[in-house]
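# Working through the structure, step by step
These are the residues of each chain, in order.
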4 protein chains.
Amino acid sequence: MTVSAEVRDTVQRLRRTVADLHGELTRNGLVIWTAGNVSARVPDRDLMVIKPSGVSYDELTEHSMVVTDLHGELVEGELAPSSDTAAHAYVYRHMPEVGGVVHTHSTYATAWAARGEPIPCVLTMIADEFGGEIPVGPFALIGDDSIGKGIVDTLRASRSPAVLMRNHGPFTVGKDARAAVKAAVMVEDVARTVHIAHQLGQLPALRREDIDRLHDRYQNVYGQR
Amino acid sequence: MTVSAEVRDTVQRLRRTVADLHGELTRNGLVIWTAGNVSARVPDRDLMVIKPSGVSYDELTEHSMVVTDLHGELVEGELAPSSDTAAHAYVYRHMPEVGGVVHTHSTYATAWAARGEPIPCVLTMIADEFGGEIPVGPFALIGDDSIGKGIVDTLRASRSPAVLMRNHGPFTVGKDARAAVKAAVMVEDVARTVHIAHQLGQLPALRREDIDRLHDRYQNVYGQR
Amino acid sequence: MTVSAEVRDTVQRLRRTVADLHGELTRNGLVIWTAGNVSARVPDRDLMVIKPSGVSYDELTEHSMVVTDLHGELVEGELAPSSDTAAHAYVYRHMPEVGGVVHTHSTYATAWAARGEPIPCVLTMIADEFGGEIPVGPFALIGDDSIGKGIVDTLRASRSPAVLMRNHGPFTVGKDARAAVKAAVMVEDVARTVHIAHQLGQLPALRREDIDRLHDRYQNVYGQR
Amino acid sequence: MTVSAEVRDTVQRLRRTVADLHGELTRNGLVIWTAGNVSARVPDRDLMVIKPSGVSYDELTEHSMVVTDLHGELVEGELAPSSDTAAHAYVYRHMPEVGGVVHTHSTYATAWAARGEPIPCVLTMIADEFGGEIPVGPFALIGDDSIGKGIVDTLRASRSPAVLMRNHGPFTVGKDARAAVKAAVMVEDVARTVHIAHQLGQLPALRREDIDRLHDRYQNVYGQR
């Protein structure tokens, strides 16, 4: 299987977008060394663009990105795909509304994941972006569909675009890769703020109806039309 | 309503100033993604210059800034104004001495806001800049004047140019936008230092008369005349 | 009083050195806005070169530095000297072996100062550079010789080049300005590490004889001859 | 003893590699001032390339690196070698599979070392890279083979490429200098994450068999073939 001529331009654009978005991971301090990855679905095709495995962020270019099908089989590119490809692929197969997936081991989100505790919705910013607490997914070993299934099952039961996989780290999704990166940046930010707030005392929760109003407004009014 | 020719130069200068000051927010680690904003009052006019909504800091230029009246209605610019425009506008309407307003979700200040605890005045730097403890404002939903009123009512009862809005984050004011940004940088710095000091034990408070002497000196002697 | 021709070259060199060393304060995250300063003694003259008051680090150049006598009176320069000039001057008058002084409000060192606790000598790096615990100086108001006297009295009773002034922040000294900046960088680094270690449990102390051996070796063998 | 003509090219290449890798220490926030060092074994020769003592990271170039034999005696270079040279040399003499050694005082790893507590294996990333808990080595004074022996004895009893030397800081090893730097980056990252997770509660441990499967996969499948 190869990429057909008609989607070549789209793939080319996504290769650049995905390569550039890895720069947001490093700029926001979400990753060290090679431990995080971004992917994007190729719209209307059973294909995704993802980071190659074990390549440092400095060396990532549109040319080093790889294209796989939605079972993680290499379709285009000279390098082996990310070792997390199976998890990304599972998400795309089971969540058709998702156009981008991000995985990091960002410090504070991973600390909540290590304790297996959801991040409570105690900030307007959490209500805005996550619509409630940020849920914890199961512990799952790499190597089969366990991680992907854990992500999808957890996200299906929540409004949150982020899930904290136990003893592992956060995965985020979005309508496109940029939205998934935004969620990755925000989950670390609120994980840090709520952790720090918790250190010195109890946190009053937001009311459900306030969370709903904030989430609705942010999802529908915020930003440029 | 459009900007009259006589204030065009002033508005042009403020557009650049406000765009540049957003760089201080990122440089000082006060904001992620698009979650913070700076505005400046146009002197002697019922106008303000403010960040557009949901635009990333890298893309902010003097041209992307928008001008609104002091009820948040767009006067000049092609983008929708910040979703916090109503709060900024309320402050300008009710605090004529204020020439700049800043809002962030900076980590440590927001953590104090999440607990609803004022930052105690235990450092000379807090006495200098804030003249006492840094107060907490009410929880308020976005969408009407609640946030603006909460800011103004709290600041009116204090010497502090910063208020920690509950479950939300800090707002700061100043005689101009640069002074408000300085207060935003300093509130995060002292929020962090006092948090860390508190983690390992009790903090002796400064005496009221020492706070007064420090505040008076800093406000009147520090810097260049 | 003006700078005599014979010391003009030395002063010129020190202006550049001191301006450049402020860059180390920002690079090492020790200061925000304008809240920290470096000075250097002019060797064999009752003069010092110091930062002007309230000027941002970006705007500091060798030309904006000011020269004062050792009572803080302006000798050369167009700007008012740092508001901490009296403390620097007191140190130079009373500690002839000191050629450089640095003051910051760096986060972790200031947190120890806010609690009024010395930093215990539990790391080889602390033994190396500070020769024992890092002491706390008295609370003192700005405006007379109280701060300077508190610094000198505390350092005289210690091998440490750093003192944590209560509710205020660290002052460091060195044989020249670069050595004082190094001590400022290291006091924040060890203040942070020991704070973090302390959060989760007790810390075994180093033995006095081990501290002495480490300190002696570091002061006499480390680095280039 | 001098470097023979036949290894000159190899040494030249390693000088550049080692100089560049020090940039990763600063970029990842593992070192301040001059307090950390990287070395590389010269393959098939009883030689190593290491940082000179007390030279700042900005001034490090391939030309300032020094070459010593595996007892730390200077073979090539104009500067005195790192004061930690004896420890690096001891590791190379006793661990023939090691091609690179790194020493830092990175904050969180050093905090675990100050408490003398191993970092528990509670994250998949720790299983991947370290194959179990990250062990603590003995307190040892600089000046003889005590530090080197403590490193080697501890690593021999573990799968971890990192050891936390008590009251001192981490040493890491790898098949080459880049692998040792990677371990230094990762030990600080997991030390930080696990510290933060620990602050708010208990951490469920990974099961031995899961650790073994993760470690085996990461060591043998991850990255490019």
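Please refer to the structure placed before this passage.
Throughout what follows, the structure given in this document is the object of discussion. For clarity, every value in this text was computed on a predicted model and none was experimentally measured. Residue numbers restart at each chain and count upward from 1, following the sequence in its written direction. The naming scheme follows written order: chains are lettered A onward, ligands numbered 1 onward. Local features in this predicted model are restricted to residues of pLDDT 70 or higher, and side-chain atom pairs are both shown and tallied only at a pLDDT of 80 or more, whereas totals for entire chains, interfaces and linings draw on every residue. The basis for the side-chain values is all heavy atoms of the structure; hydrogens and waters are excluded.

Bringing the relation of the copies chain B and chain A into the picture now. For the least-squares superposition of copies, only C-alpha atoms count, and only for residues with pLDDT at least 70 in both. With an axial shift of 0.0 Å and an RMSD of 0.0 Å, the rotation relating chain B to chain A amounts to 90 degrees. Here the symmetry operator amounts to a four-fold rotation axis. The rotation axis passes nearest to the C-alpha of Q199 of chain B in chain B, at a distance of 5.4 Å. Mapped onto chain A, only 3% of the interface residues of chain B again fall at the interface, so the copies present different surfaces. Here a residue-residue contact requires only that any non-hydrogen atoms of the pair lie within 4.5 Å.

Looking only at helix α5 (residues 146-156) of chain B, the buried set comprises I147, G148, G150, I151, V152, T154 and L155 of chain B. Secondary structure elements follow DSSP: runs of H or I no shorter than four residues count as helices, runs of E no shorter than two count as strands, and numbering proceeds from the N terminus. Its buried side turned inward, α5 of chain B meets α2 (85-94), β6 (136-137), β7 (162-165) and β8 (169-174) of chain B. Burial classes: relative accessible area under 20% of the type maximum marks a residue as buried, over 50% as exposed, and values in between as partly exposed (1.4 Å probe, protein chains only).

On to the environment of M48 of chain A, then. Considering the arrangement of structural elements, one finds M48 of chain A in strand β2 (residues 47-50). Note: C-alpha distance between M48 of chain A and V190 of chain A (142 residues apart in sequence) is 29 Å.

Residues and elements named next belong to chain C. Where helix α1 (residues 8-27) contacts helix α6 (residues 177-199), the axes come no closer than 10 Å and their chain directions differ by 5 degrees. It follows from the interaxial angle that α1 and α6 lie roughly parallel. Residue-level inspection shows L21, E24 and L25 of α1 in contact with α6, the latter providing A177, R178 and V181. To get an axis, fit a line to the C-alpha atoms, keeping to the stretch in contact for a helix; angles then go from 0 to 180 degrees between the N-to-C directions. Any angle that is under 35 degrees is reported as roughly parallel, and any over 145 degrees as roughly antiparallel; angles of 65 to 115 degrees are reported as roughly perpendicular and all others as oblique.

Turning our attention to the interface of chain B and chain A. Contacts between the two partners involve 30 residues from chain B, matched on the other side by 31 residues from chain A. Of the roughly 2,800 Å² buried between chain B and chain A, counting both surfaces, carbon and sulfur atoms make up 63%. Basic side-chain nitrogens of Lys or Arg form a salt bridge, by our definition, when they fall within 4 Å of a carboxyl oxygen of Asp or Glu. We note a salt bridge from D58 of chain B to R27 of chain A, for which the minimum N-O separation is 2.9 Å. Contacts described as polar in this section are N or O atom pairs within 3.5 Å, which, within protein, must combine one atom able to donate a hydrogen with one able to accept it, while residues neighboring in sequence count only if both atoms come from side chains. Here chain B and chain A share six residue pairs in polar contact (both at pLDDT 80 or more) between them. For the side of chain B that touches chain A, the secondary structure elements donating two or more residues are α3 (107-115) and α6 (177-199) of chain B. Examining the composition of the side of chain B that touches chain A, we find that six residues originate from one element, α3 of chain B, more than from any other. Side-chain classes follow a simple rule in which Ala, Val, Leu, Ile, Met, Phe, Trp, Tyr, Cys and Pro form the nonpolar group, Asp, Glu, Lys and Arg form the charged group, and the remainder, Gly included, forms the polar group. Of the residues that constitute the side of chain B that touches chain A, the class distribution is 13 nonpolar, 14 polar and three charged. Two parts placed together each lose some accessible area under a 1.4 Å probe, and the buried area is that loss summed for both.

Attention shifts here to the pairing of strand β8 (residues 169-174) of chain A. Residue and element names in this part refer to chain A. For β8, the tally of buried residues reaches six of six residues, placing the bulk of the element in the interior. A pair of strands is treated as paired once DSSP finds two or more bridges between them. Pairing analysis gives four bridges linking strand β7 (residues 162-165) to β8, with the strands arranged antiparallel. What sits directly across from A162, in β8, is T172. Here β7 folds back onto β8 in antiparallel fashion, the turn holding three residues, of which N167 has a positive phi close to 55 degrees.

Both faces of the sheet carry side chains from a regular strand, because those side chains alternate between them. All names here are of chain B. The two faces of β7 match: A162 and L164 on one face and V163 and M165 on the other face are all buried. Here two bridges tie β6 to β7, and the two strands are oriented parallel to one another. The partner of G137 across the bridge, within β7, is M165. With its strands directed away from the observer, a crossover is right-handed exactly when the path from the first strand over the helix to the second travels clockwise. Crossover handedness for the path β6 to α5 to β7: right-handed.

When two helices pack together, their arrangement is given by the angle between their axes and by how far apart the axes lie. Residues and elements named next belong to chain C. At a minimum axis separation of 7 Å, helix α3 (residues 107-115) and α6 run at an interaxial angle of 65 degrees. One way to sum up the angle between α3 and α6 is to call them roughly perpendicular. For the crossing formed where α3 meets α6, the hand is left-handed. Packed against α3, whose contacting residues are T107, Y108, A109, W112 and R115, the element α6 presents V187, E188, A191, R192, V194, H195 and H198 at the interface. Broken down by class, the residue content of the contact of α3 with α6 amounts to six nonpolar, three polar and three charged. Crossing handedness is read from the near helix: turned anticlockwise from the far helix by less than a right angle, it gives a left-handed crossing, and turned clockwise, a right-handed one.

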